[in-house]
Amino acid sequence: MFTSFGIKDAIDIILVAFFMYQTYKLMKSSGTLTIFSGVISIIAVWVLVSQVLEMRLIGAILDKVISVGFIVLVIIFQDEIRRFLMALGSNRGWRFLYNIFRKKDDASGNQKFVAPVVLACLNLARKKTGALIVIQHEMDLSTYIQTGEMFTADVNARLIENIFFKNSPLHDGAMIIVDSEIKAAGCILPVAHNVAMPKDMGLRHRSGLGMSIETDALVIIVSEERGAITVAHNGKLSKAISAEDLQQILTGEKEV
């Protein structure tokens, strides 16, 4: 049985195990791990019944279930699939597979924007001035950048505070930072619908969460009512974080 087992077969097994592990991590981070476990259980039962025990009646029923299962999975995991396809379709998309292998510490190249962003968020929170700051990771955000006022400027704490000043024409939209540079302000972000959120979180938080669901960007939200700092990433919210926590999240030392 194993006489023809070679290096190519070993690589095949390793790749399948690797992608299964990455799928597991994706499902766990998106909160759909229970559904994923159920799908794996159905596949295991189908293989046991149809291939091993060769039970024709139950096997035929499960064959029909499996045949339409792909469509069901697309419906259930549409957000995760959309995020993956957007990563591949962006101009940085072909670096996606490389970034999976890359360590998180190596993924944060130029981080000179961290200190100004942290300082600006602290000042905005102290003054209870609302803000929405998006930091691009690997997925291209050109579509969202084009919805606002486009310009290029170095990340500066005073500039960020001036943009989100209440009388500023750009304070209602989002600022987008790409490669340690501000690329646009006053941008429109996708709003998260059908998501249970605390009543003290408004449209700004829903927009930040929606952006983190649609893309891999990290979004910082400063509450205008409470003066609290919230971070959204991969569809998850981290509320009322401190300056130290924000710095660790931006540098990749801590996850949301």
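Residues numbered from 1 in each chain as written. Predicted model: local features only at pLDDT ≥ 70, side-chain atom pairs only at ≥ 80, totals over all residues. Heavy atoms only, no water.

## Here's the deal with unusual backbone geometry
Backbone geometry follows two general trends: most residues other than glycine have a negative phi, and most peptide bonds adopt the trans configuration. If you check the backbone angles, D179 has positive phi at about 50° while not being a glycine. Tracing the sequence through the fold places D179 in the loop between β3 (174-178) and β4 (181-187). For D179, a relative accessible area of 53% translates into the label exposed. Even without a glycine there, the phi angle at A240 is positive, about 50°. Note that A240 resides in the loop between β7 (236-238) and α11 (243-250). (Helix = DSSP H or I, 4+ residues; strand = E, 2+ residues; numbered from the N terminus. Buried < 20%, exposed > 50% of the residue type's maximum accessible area, 1.4 Å probe, protein only.)

## Remarks on the pairing of strand β6 (residues 229-233)
Counting buried positions along β6 gives 5 out of 5 residues, so the element sits mostly inside the fold. Residue alternation in β6 divides its side chains into two sets, I229, V231 and H233 and T230 and A232, and both sets are buried. Two strands pair when backbone bridges link them, and strand β5 (residues 218-222) and β6 are joined in this way by 4 bridges, in the antiparallel orientation. The residue of β6 that forms the bridge with I220 is V231. Two successive antiparallel strands, β5 and β6, enclose a turn made up of 6 residues, where G227 displays a positive phi of approximately 70°. Both β6 and β7 contribute to a ladder of 3 bridges, which runs antiparallel. Among the inter-strand pairings, H233 is bridged to a residue of β7, identified as K236. Hairpin connection between β6 and β7: a loop of 2 residues separates the two successive antiparallel strands, and N234 in this loop has a positive phi of roughly 55°. (Pairing = 2+ DSSP bridges.)

## Regarding α11
Helical geometry note: an α-helix holds 3.6 residues per turn, so side chains three or four residues apart project in the same direction. What α11 keeps buried is the set L246, I249 and L250. Here the buried residues of α11 occupy an arc of 95° about the axis, which is enough to place them on one side. As for α11, its buried residues are in contact with α7 (114-126), β1 (131-135), β5 and β6. A positive phi of about 85° marks G252, the residue just after α11. (Arc of directions from axis to C-beta. Contact = heavy atoms within 4.5 Å.)

## A closer look at the sheet that holds strand β2 (residues 149-154)
Spatially, β2-β4-β3-β1-β5-β6-β7 is the arrangement adopted by the 7 strands of the open sheet, whose pairing is mixed. Only two strands of the sheet have a single partner each, and these edge strands are β2 and β7. Here the strands of the sheet are splayed against their neighbours by 20° on average, with no regard to which way each runs. Inspection of the sheet shows β2 paired to β4 by 4 bridges, in the antiparallel sense. Following the sheet pairing, A153 is matched in β4 by I182. Across the sheet, α7 lies against β1, β3, β5 and β6, angled at about 25° from β5, the strand it touches most. Sheet strands touched by α11: β1, β5 and β6. Its angle to β5, the strand with the most contacts, is close to 160°. (Axes fitted to C-alpha atoms, helices over the stretch in contact; angles between N-to-C directions.)

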